[in-house]
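Observations on the model geometry
Here is how the chains run, residue by residue.
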Amino acid sequence: MSTRIMLGAWSLELLYNTLFKLELTSHSIAIAFADDLIILTRGESVVKAESYMNLEMRKILEWSKNNKLKFNENKSKVMLVPQEKTGKKEIEIYLNNKILTQVNSIEYLGIFLIAN
């Protein structure tokens, strides 16, 4: 049994290594630990950040199809951390042709990230 677990972790690491070789824009970075993945994107404005993130999501979706994986859009969330206090607050980020739920906080590896 432990061999199967190690093989599973090893296989996941190999897959993630190919994910990190994706050419993301200079505005984005991918961070992964075990089966948790977070994509951070910044932009000169909320509209540009939204556009960059949707571009990255299309690349990641293509990567997942090539590797026979599927991200669960019901478990995936999006959080906006705007630098300006006024302006656009709602964003539309797509995964599997569905808009991801926007939240004000996300728990990642036991740490709560809060939008404000």
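Conventions used here
Along each chain, residues carry numbers from 1 onward, in the same order as the chain's sequence is written. Local features in a predicted model are, by the rule used here, given only for residues with pLDDT of at least 70; side-chain atom pairs are given and counted only at 80 or more, and totals for whole chains, interfaces and linings are based on all residues. Calculation of side-chain values draws on the structure's entire complement of heavy atoms; hydrogens and water are dropped beforehand. Labels follow the DSSP assignment, with helices taken as runs of H or I lasting at least four residues and strands as runs of E lasting at least two, numbered in each case from the N terminus. Definitions used for this entry: grid spacing 1 Å over protein atoms alone; cavity, a set of points where a 1.4 Å probe fits but cannot get out; pocket, an open set with protein on both sides within 12 Å along at least 5 of 7 lines; lining residue, one with an atom within 4 Å of a point. Grid points are joined across faces, edges and corners, and a volume is the space filled by probe spheres set on the points. Under this grouping Gly is polar, as are all residues other than the nonpolar Ala, Val, Leu, Ile, Met, Phe, Trp, Tyr, Cys and Pro and the charged Asp, Glu, Lys and Arg. The span you would expect from a helix comes to 1.5 Å times its residue count less one. Here the term buried applies to any residue with accessible area under 20% of the maximum for its type, exposed to any over 50%, and partly exposed to those in between, with areas from a 1.4 Å probe on protein chains only. Each polar contact in these results corresponds to two N or O atoms within 3.5 Å; when the atoms are within protein, one needs to be able to donate a hydrogen and the other to accept it, and residues that are neighboring in sequence are counted only if both atoms are side-chain atoms. By the convention used here, residues are in contact when the closest approach between their heavy atoms is within 4.5 Å.

The next point concerns the environment of L37. Note that L37 resides in strand β2 (residues 36–41). For the pair L37 and S76, spaced 39 residues apart in the sequence, the C-alpha separation amounts to 9.5 Å.

Remark: the empty space left among the atoms is shown by a probe the size of a water molecule rolled over them. If you add up the space inside the largest pocket, you get close to 1400 Å³. Elements that contribute at least two residues to the lining of the largest pocket include exactly α1 (2–20), β2, α2 (46–66), β3 (77–79) and β7 (105–108). Considering each element in turn, the lining of the largest pocket owes the most residues, seven residues, to α2. Class assignment for the residues of the lining of the largest pocket results in 28 nonpolar, seven polar and ten charged. If you add up the space inside the second largest pocket, you get close to 280 Å³. Along its surface, the second largest pocket is lined by eleven residues, and L80, P82, K89, N104 and A115 are the ones closest to its centre. Grouping the constituent residues of the lining of the second largest pocket by class yields four nonpolar, three polar and four charged.

Time to look at α2. Taking 1.5 Å of rise per residue, 21 residues should cover 30 Å, and α2 covers 30 Å from first to last C-alpha, within 8% of that figure. Among the residues of α2, V46, A49, E50, Y52, M53, N54, E56, M57, I60, L61, W63 and S64 are the ones counted as buried.

Along the polypeptide, S64 turns up in helix α2. From its side chain, S64 meets the backbone oxygen of L61 in a polar contact 2.7 Å long. In this structure, S64 is in contact with L69 and F71, ignoring residues within four places of it in sequence.

Even without being glycine, K68 reaches a positive phi, approximately 55°. For K68, the location among the structural elements is in the loop between α2 and β3. For N97, which is not a glycine, the phi torsion comes out positive at approximately 60°. You can see N97 is positioned in the loop between β4 (94–95) and β5 (98–99).

This brings us to the environment of Q102. Along the polypeptide, Q102 turns up in strand β6 (residues 101–103). Here Q102 falls in the partly exposed class, since its relative accessible area comes to 24%. For the pair Q102 and E92, spaced ten residues apart in sequence, the C-alpha separation works out to 8.2 Å. Dropping the residues within four chain positions of it, Q102 is found in contact with V78, L80, K89, E90 and I91.

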